[in-house]
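Each chain is listed here by its residues.
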Amino acid sequence: MADSPVSLLRAHARHSPWNARGLAAHVTALVDSAGLRPTNASARAAPSARSVRFYVSHGLLDRPEGAGTAATYGYRHFLQLLAIKIRQREGQTLEAIKREMKDVTGDALERRIAQSLAPALVANPVTPRSEDEGPVAWRRLVVAEGVELHVRGDSPASREEALVAMREAVRAALGRQELR
């Protein structure tokens, strides 16, 4: 019997906690696989670390644990960010989304997202690992001399497009032209 969309969505929780970039990359991978595109031209389909911080400062996302570069985001943040992207796709403004998010419980939020993303979740499942499965394969991506990215091979963020986007984001953050 196939797993339910809710259980497939919950499997993503094992990748938490994330920093702002990691949360944005994980949501981007899922948003890309679902083909979500906002109808609002001013909204981007893929969230960024900057948009995560913007959503926190405007009350759309709960505050993370910790502050600054030590801030970490969990499964609820993951659900909230997915909900924002889904509602933007449906043409909702951030103000309307903020009002909706205030009243929704975690379970209702999870069910709504699982229903919206069901085809993508079923097509690209993240299955929980048991402890006796052995070591996890990691993707290694050289960004620059002395800088590497390591992404679990079973993560949605390990797709080639996501790896290239992360590599370019890190290179841009380093600000070195010779790395581009």
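Per chain, residues are indexed from 1 in the order of the written sequence. Per-residue local features are limited, in this predicted model, to residues with pLDDT of at least 70; the limit for side-chain atom pairs, both in listing and counting, is 80 or more; totals at the level of whole chains, interfaces and linings are taken over all residues. With hydrogens and water set aside, each side-chain value is computed from the structure's full complement of heavy atoms.

Draft legend 1. Spatial organisation of the pattern of salt bridges. By definition here, a salt bridge exists when the distance from a side-chain nitrogen of Lys or Arg to a carboxyl oxygen of Asp or Glu is within 4 Å. Applying the stated criterion across every chain yields a total of 8 salt bridges. For Arg-87, the salt bridge is made with Glu-100, and the minimal N-O distance between the two is 2.6 Å. Note that Arg-87 is positioned in helix α4 (residues 75–89) and Glu-100 in helix α5 (residues 94–103), a separation of 13 residues in sequence. The class for Arg-87 is buried, based on a relative accessible area of 17%. Three exposure classes are used, based on accessible area relative to the maximum for each residue type with a 1.4 Å probe and protein chains only: buried under 20%, partly exposed in between, and exposed over 50%. When its relative accessible area of 28% is taken as the criterion, Glu-100 is described as partly exposed. Between Glu-168 and Arg-167 there is a salt bridge, with the nearest N and O atoms lying 3.1 Å from each other. The class of Glu-168 is partly exposed, set by a relative accessible area of 30%. Linked through salt bridges whose partners overlap, the residues forming this network are Arg-87, Arg-89, Glu-90 and Glu-100. In this text, helices come from DSSP runs of H or I with a minimum length of four residues, and strands from runs of E with a minimum of two, each type numbered from the N-terminal end.

Draft legend 2. Looking closely at the packing of aromatic side chains. Two rings from Phe, Tyr or Trp (for Trp, the six-membered ring) form a pair when their centres are within 6.5 Å of each other. A pair whose planes differ by under 30 degrees is stacked, one over 60 is edge-to-face, and the rest are tilted. Tallying each qualifying case throughout the model produces 3 aromatic pairs. Aromatic side chains Phe-54 and Tyr-55 sit 5.9 Å apart centroid to centroid with 65° between the ring planes, which places their arrangement in the edge-to-face category. An aromatic cluster is defined as three or more aromatic residues linked by ring pairs; in this entry it consists of Trp-18, Tyr-75 and Phe-78.

Draft legend 3. A look at the packing of helix α2 (residues 20–34) against α4. For helices, the axis comes from a line fit to the C-alpha atoms of the stretch in contact; other axes are also lines fit to C-alpha atoms, and the angle between any two N-to-C directions lies between 0 and 180 degrees. α4 packs onto α2 with a crossing angle of 50° between their chain directions and a minimal axis gap of 10 Å. Relative to α4, the element α2 lies oblique. The two elements α2 and α4 meet at a crossing, and its hand is right-handed. The residues of α4 that touch α2, namely those facing Leu-23, Ala-24, His-26, Val-27, Leu-30 and Val-31, are His-77, Phe-78, Leu-81, Leu-82 and Lys-85. Note on residue classes: Ala, Val, Leu, Ile, Met, Phe, Trp, Tyr, Cys and Pro are nonpolar, Asp, Glu, Lys and Arg are charged, and everything else, Gly too, is polar. Its residues assigned to classes, the contact of α2 with α4 shows 8 nonpolar, 2 polar and 1 charged. An angle counts as roughly parallel when it lies under 35 degrees, as roughly antiparallel when it exceeds 145, as roughly perpendicular when it falls between 65 and 115, and as oblique in every other case. Whether a crossing is left-handed or right-handed is set by the direction in which the near helix is turned from the far one by less than a right angle, anticlockwise for left-handed and clockwise for right-handed. A contact between two residues is defined here by any heavy atoms of the two lying within 4.5 Å.

Draft legend 4. Looking closely at the nonpolar core. We define a nonpolar core as any set of buried Ala, Val, Leu, Ile, Met, Phe, Trp, Tyr and Cys residues linked to one another through side-chain atoms lying within 4.5 Å. The biggest cluster of nonpolar side chains holds 32 residues, and the ones touching the most others in it are Leu-9, Leu-23, Val-52, Phe-78, Leu-82 and Ile-113. Mapped onto this core, the elements with two or more residues apiece are α1 (5–10), α2, α3 (49–57), α4, α5 and α6 (106–123). Those residues in contact with Val-52, other than ones at most four positions away along the chain, are Ala-20, Leu-23, Ala-24, Leu-61, Tyr-73 and Leu-81. With 9 residues, the next largest nonpolar core counts Ala-25, Ala-144, Ala-157 and Leu-163 among its residues.

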